[in-house]
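Listed here are the chains, written in short residue letters.
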Amino acid sequence: MCLAVPMKVEQIEGDPDDFTQDQIAVVNMDGVSRQVRLDVVDRWPEVGDYVIVHAGFAIHSMVEEEAKRNIELIREMASHMPEEILIHGGNS
Amino acid sequence: MSDKTILLDHGSGGLASQELIGELFLKHLTSPILKGLEDSAVLDNRPGKLVFTTDSYVVDPLFFPGGDIGKLAVHGTINDLAMRGGEPVCLSLALILEEGMSLEELERIIISVAEASESSAVPIVTGDTKVVPRGKGDKVFINTSGIGLVDESISLSSRNGRPGDVVILSGTMGDHGITIMTRRAGIALDGDLRSDTAALHRLVAAILAAYPQDVRTFRDPTRGGVASTLNEIAAASGLTISLEEELLPIRAEVRAACEILGLEPLYLANEGKCLAVVDPASAAEILHLMKQTEAGRDAVVIGRLEEGKAGRVLINTPIGGSRVVTPLHGEPLPRIC
Amino acid sequence: MKHIDEYRDSRLVKPLVAELQQSLTRPVRLMEVCGTHTMAIFRSGVRSILPEGMEIVSGPGCPVCVTSASHMDAFISMAEVSGVRVAIFGDLFRVPGSNGSLANAAARGAKVDVVYSPMDALDAARNNPDDLVVFLGVGFETTTPGIAATILAAHKTGIENFCVFSTQKVIPGPLETLMQDPELNINALLCPGHVSAIIGAGAYQPFADQGLACVVAGFEPADLINGLILLARQVGSGEAKVENIYPRVVSWDGNRRAQAMVDEIFEPVDMEWRGLGMLAKSGLAIRETYAKFDAEKRLDIPIPHVPEPKGCLCGQILKGQTTPPHCPIFGTRCTPANPVGPCMVSSEGTCAAYHKYGQDV
């Protein structure tokens, strides 16, 4: 029920521990950019990180390793290696 | 004119109206027929079938990246003539102005109208201006009507489609619609998003000069987008149209803006593009010729007409599946879910 | 588009489609509970390549669909109060109440602003100091944190002319209720991708404990098909666990910061869900501390009790007990142009998706 897209952080304003200021990032996807709020993001991103954006809020900061793992998992599945998947695919 | 805004007097037909016409409209609109300020324009006889169209323009905001209401009003009506194979001859220009509208904004619009008219070589030969009280309008509504001529031998229609016909789109899709959408407060996005407003009559003339009998129809996919127009063609021809999703030409910024807002480029308006349904035997050459034109430089083949459920538009997806593309039921709106 | 295009690549997706065929050894009847999954499944064409023996049932995952008719009528009444400007997600614009929609109300003069973010509604309050801006809150756990943060921002910056009408809902409890229906008969659950980013994949462990195969998956074609493969394999081997094939977005524990933000502003309440009736602790109300941002308290609009529209089978469709083609008014009296129930209006509603994409597919 939730349209959310990965966008790249270009600029950050505010501080994760300072609630007197706005917590904002400027994010970009293929040349289209917008301000989003960082009030509810799980991990404070760095410039260059990707965040998942829903309704003007970053709801998750992507971790490069997890992104790599995700695409690798799926690529393995596509190349018929079931044993590998059963090892990786448990509770995580 | 000492006032900075439009007054009711400007629409009354008296001296204030004449001042507006003389000092603003005729300053920029240069047709000698228009300058005669007669009740109607009398045109010379020319051979061919008459083509006639009308359109009204109410876009908000009035000015946006890539164009404005003035350009739209000229290009849009030229394009409607061109889609039936018509060579545009002239346009009318009627304005309904809201009392209080800024004269400076009005002049900017008229300058834009004049520029579009001159660069398209289609004169505005007659016009009208009315003023409504504040609150009864929305700054300006524009109507343009157009007259054109089409050769006796040309007979374009959406009903002409045959199985095997190729569908060409003259360039990238959704540019105008997404630009207007993202100018609105509350859903603004920054980026190189701009309207594609453009006149298509030269593109059409070039194709018809070389392949007069090989085009079944031209259609410009304005409101409702490519999806709606293809549905109309499929219904009129009693056939199915099958598209390839991977071939659809969409600019990266337009695609990104649509992903963020939950919109589909297939349903967004285009103001400088046309679909061409053509004989498969000459499709490759027509595509090549289209790409030599300014307006058609990004043209691609996007699908075909086929036997099948009449009025159906299908799209083949990259996974090897397919889905139906239905016509739009209302204005596209951003969604979060 | 990075982190999207890779998952749409047909060179990745086509072999996955073949793998899905191979992986299905026993019949799978799975429920998806995310309207965005419903849309993605149809839009990508996955519906059209589903192998024989795998059936997908759409559950109550569309927040607009499960907004009760009573709430819709209250929304419209609020919009018609003089001095009020309602701000909404676009999804809500054409949803019918018992007497028209917000679109109809706008045509009659109500001020209705479509926004992309609840923060844009707060901006509208700043820019329109003479109006009381009411943000009509719909959505599940993905959306609620942002609405909570907006209320907190309004509180911190002392904005007086802003409030929220909360019909926010939560998914796990009502899912539990659904699972207890003996007529339901599903053996697998495709878990929502972005709700899970907030609540964590661990939220579905109780369902796996009851024998339901559970997979958390994203929305791109490769994500979806991979999710279906894992569900097919779990069912095939008789095991039931929670697998997460969306680790780039979802973790086991979810987003604690977002959860805390929601807890600060909202508290659980019983709420009416279209088609499912009143469900205990299934909705969220604004806490007393933030009462001045609670539209129901600011405006004192009574919530009428409105019975479901006649003939409309939305309730059963949401429970997965029937599909749109079986509804007597589907495609005839109830169409996207003239919807009877929200399942047809919402861009992700089961009936709208079937009408748009599912005919003869």
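Residues numbered from 1 in each chain as written. Chains lettered and ligands numbered in written order. Predicted model: local features only at pLDDT ≥ 70, side-chain atom pairs only at ≥ 80, totals over all residues. Heavy atoms only, no water.

Draft legend 1. How the structure looks around the overall build of chain A. Counting secondary structure elements, chain A contains 2 helices and 5 strands. Reading the secondary structure of chain A in the N-to-C direction produces β-β-β-β-β-α-α. Relative to its full complement of 92 residues, chain A shows a buried share of 53%. A sequence separation of at least 24 residues applies to 31% of the contacts in chain A between residues at least 6 apart. (Helix = DSSP H or I, 4+ residues; strand = E, 2+ residues; numbered from the N terminus. Buried < 20%, exposed > 50% of the residue type's maximum accessible area, 1.4 Å probe, protein only. Contact = heavy atoms within 4.5 Å.)

Draft legend 2. View of the overall build of chain B. Helices and strands together make up the secondary structure of chain B, namely 9 helices and 13 strands. Computed over the C-alpha atoms, the radius of gyration of chain B is 21 Å, within 12% of the 20 Å expected from 2.2 N^0.38 for a compact globule of 337 residues. Dimensions of chain B along its principal axes, counting C-alpha atoms only, are 65 × 55 × 30 Å. Out of the 337 residues in chain B, the part that is buried amounts to 56%. Here the contacts in chain B between residues at least 6 apart in sequence split such that 85% fall between residues at least 24 apart. Looking at chain B as shown, the accessible area adds up to about 13,800 Å², and 50% of this sits on carbon and sulfur atoms. Charged side chains in chain B number 31 positive and 45 negative. The centres of these two groups are separated by 3 Å. (Rg over C-alpha atoms; globule rule 2.2 N^0.38 Å. Areas by Shrake-Rupley, 256 points an atom, 1.4 Å probe, with all protein chains shown as cover. Lys, Arg positive; Asp, Glu negative; His and termini not counted. Charge placed at Lys NZ, Arg CZ, Asp CG, Glu CD.)

Draft legend 3. Here's a closer look at the environment of C:Met119. Note on placement: C:Met119 falls in helix 6 (residues 118–127). Considered as a pair, C:Met119 and C:Thr150 are 31 residues apart in the sequence and their alpha carbons are 5.8 Å apart. Those residues within four positions of C:Met119 in sequence are excluded, and the remaining contacts are A:Arg37, A:Phe57, C:Thr150 and C:Ala153.

Draft legend 4. Fine view of the confidence of the model for chain B. For chain B, the average pLDDT comes to 95, and 99% of its residues sit at 70 or higher. We note a pTM of 0.93 for the whole complex and an ipTM of 0.92 for its interfaces. (pLDDT = per-residue confidence, 0-100.)

Draft legend 5. How the structure looks around the layout of surface pockets. Put simply, the second largest pocket is a space of about 960 Å³. Looking at the second largest pocket, it is lined by 45 residues, and the ones nearest its centre are B:Glu259, C:Ile4, C:Arg8, C:Arg43 and C:Glu220. Counting residues per element, the ones that place at least two in the lining of the second largest pocket are strand 1 (5–13) of chain A, helix 8 (252–261) of chain B together with helix 2 (35–43) and helix 11 (221–237) of chain C. Sorting elements by how many residues they give to the lining of the second largest pocket places helix 2 of chain C first, with 4 residues. Residues that form the lining of the second largest pocket fall into these classes: 24 nonpolar, 7 polar and 14 charged. (1 Å grid on protein atoms, 1.4 Å probe; cavity = no way out; pocket = protein on both sides within 12 Å on 5 of 7 lines; lining within 4 Å. Points joined across faces, edges and corners; volume = space filled by probe spheres on them. Nonpolar A, V, L, I, M, F, W, Y, C, P; charged D, E, K, R; others polar.)

Draft legend 6. Focus on the interface of chain A and chain C. The partner chain C presents 62 residues to the 45 residues of chain A that form the contact. Here chain A meets chain C over a buried area of about 4,400 Å², counting both sides, of which 61% is carbon and sulfur. One can count 1 salt bridge joining chain A with chain C. Salt-bridge contacts for C:Asp120 lead to A:Arg34; the nearest nitrogen and oxygen are separated by 3.3 Å. Put simply, chain A and chain C have 17 residue pairs in polar contact (both at pLDDT 80 or more) between them. Sorting the residues of the side of chain A that touches chain C by element identifies strand 3 (32–37), strand 4 (50–54), strand 5 (57–61), helix 1 (64–78) and helix 2 (82–88) of chain A as the ones contributing at least two each. The element contributing the most residues to the side of chain A that touches chain C is helix 1 of chain A, with 11 residues. (Buried area = accessible area lost by both parts, 1.4 Å probe. Salt bridge = Lys/Arg side-chain N within 4 Å of Asp/Glu carboxyl O. Polar contact = N/O pair within 3.5 Å; in protein donor to acceptor, adjacent residues only side chain to side chain.)

Draft legend 7. Inspection of the nonpolar core at higher detail. Core analysis: the biggest nonpolar cluster contains 159 residues, and C:Leu92, C:Val134, C:Phe162, C:Leu189 and C:Tyr204 have the highest contact counts within it. In terms of residue count, the dominant contributor to this core is helix 11 of chain C (9 residues). With residues near it in sequence (within four places) discarded, C:Phe162 still touches C:Ala121, C:Leu122, C:Ala125, C:Leu132, C:Val133, C:Phe135, C:Thr150, C:Ala154, C:Lys292, C:Phe293 and C:Arg298. Core analysis: the second largest hydrophobic core is formed by 51 residues, A:Val32, B:Cys258, B:Leu275 and C:Met1 among them. (Core = buried A, V, L, I, M, F, W, Y, C linked by side-chain atoms within 4.5 Å.)

Draft legend 8. The interface of chain A and chain B, seen in detail. Contact with chain A, which involves 13 residues of that partner, is made by 17 residues of chain B. Interface area lost by chain A to chain B is led by A:Leu3, A:Val32 and A:Arg34, which between them contribute 45%. On the surface where chain A and chain B come into contact, there are 0 salt bridges. Remark: the boundary between chain A and chain B carries 2 residue pairs in polar contact (both at pLDDT 80 or more). Of all elements in the fold, only strand 1 and strand 3 of chain A reach the threshold of two or more residues within the side of chain A that touches chain B.

Draft legend 9. Spatial organisation of the packing of helix 1 (residues 10–23) of chain C against helix 11 of chain C. Residue and element names in this part refer to chain C. Two numbers describe how helix 1 lies on helix 11: the axes approach to 9 Å, and their chain directions differ by 15 degrees. Between helix 1 and helix 11, the angle is such that the two are roughly parallel. Judged by the sense of rotation from one axis to the other, the crossing of helix 1 with helix 11 is left-handed. From helix 1, Leu12, Val13, Leu16, Val17, Glu19, Leu20 and Ser23 reach across to helix 11, where they touch Pro221, Ala222, Ile225, Asn226, Leu228, Ile229, Ala232 and Arg233. (Axes fitted to C-alpha atoms, helices over the stretch in contact; angles between N-to-C directions. Parallel < 35°, antiparallel > 145°, perpendicular 65-115°, else oblique. Left-handed = near helix turned anticlockwise from the far one by under 90°.)

Draft legend 10. Geometry of the side chain of B:His75. Position of B:His75 among the secondary structure elements: in helix 3 (residues 69–83). Those residues in contact with B:His75 that lie beyond four places of it in its chain are B:Ala116, B:Ser120, B:Thr197, B:Ala198 and B:Ala199.

Draft legend 11. View of the sheet that holds strand 4 (residues 87–98) of chain B. Residues and elements named next belong to chain B. Read across the open sheet, the 4 strands follow the order 1-6-4-5; overall the sheet is mixed. Strands with a single pairing partner mark the edges of an open sheet, and in this sheet they are strand 1 (49–57) and strand 5 (124–132). On average, adjacent strands in this sheet sit at an angle of 15 degrees to one another, irrespective of strand direction. Two elements, strand 1 and strand 6 (residues 140–150), share 9 bridges in a ladder whose sense is antiparallel. Following the sheet pairing, leucine 50 is matched in strand 6 by leucine 149. On top of the sheet, helix 4 (residues 103–120) reaches strand 4, strand 5 and strand 6; it is set at about 175 degrees to strand 4, its chief contact. (Pairing = 2+ DSSP bridges.)

Draft legend 12. Here's a closer look at the sheet that holds strand 7 (residues 166–169) of chain B. Residues and elements named next belong to chain B. Strand order across the open sheet formed by 7 strands is 8-10-7-11-9-12-13, with mixed pairing between neighbours. The open sheet terminates on both sides in strands that have one partner only, identified here as strand 8 (215–219) and strand 13 (322–324). Pairwise comparison of adjacent strand axes, ignoring direction, gives a mean angle of 25 degrees for this sheet. As defined by bridge partners, strand 7 adjoins strand 10 (residues 275–278) across 4 bridges and the pair is classed as antiparallel. Note on strand 10: the bridge partner recorded for leucine 169 is leucine 275.

Draft legend 13. Spotlight on the pattern of salt bridges. For the structure on display, the rule yields 41 salt bridges over all chains. Where A:Glu66 meets A:Arg69, a salt bridge forms, and the shortest distance between an N and an O atom there is 3.3 Å. One end of the pair is A:Glu66 and the other is A:Arg69, both in helix 1 and 3 residues apart, which spans about a single turn. According to the relative accessible area criterion, A:Arg69 is partly exposed, its value standing at 25%. Between B:Glu245 and C:Arg43 there is a salt bridge, with its nearest N and O atoms 3.7 Å apart. With B:Glu245 in the loop between strand 9 (240–244) and helix 8 and C:Arg43 in helix 2, this pair bridges two chains. Under the relative-accessibility criterion, B:Glu245 is labelled buried at 19%. When salt bridges that share partners are traced, they join B:Asp192, B:Arg194, B:Arg251 and B:Glu253 into one network.

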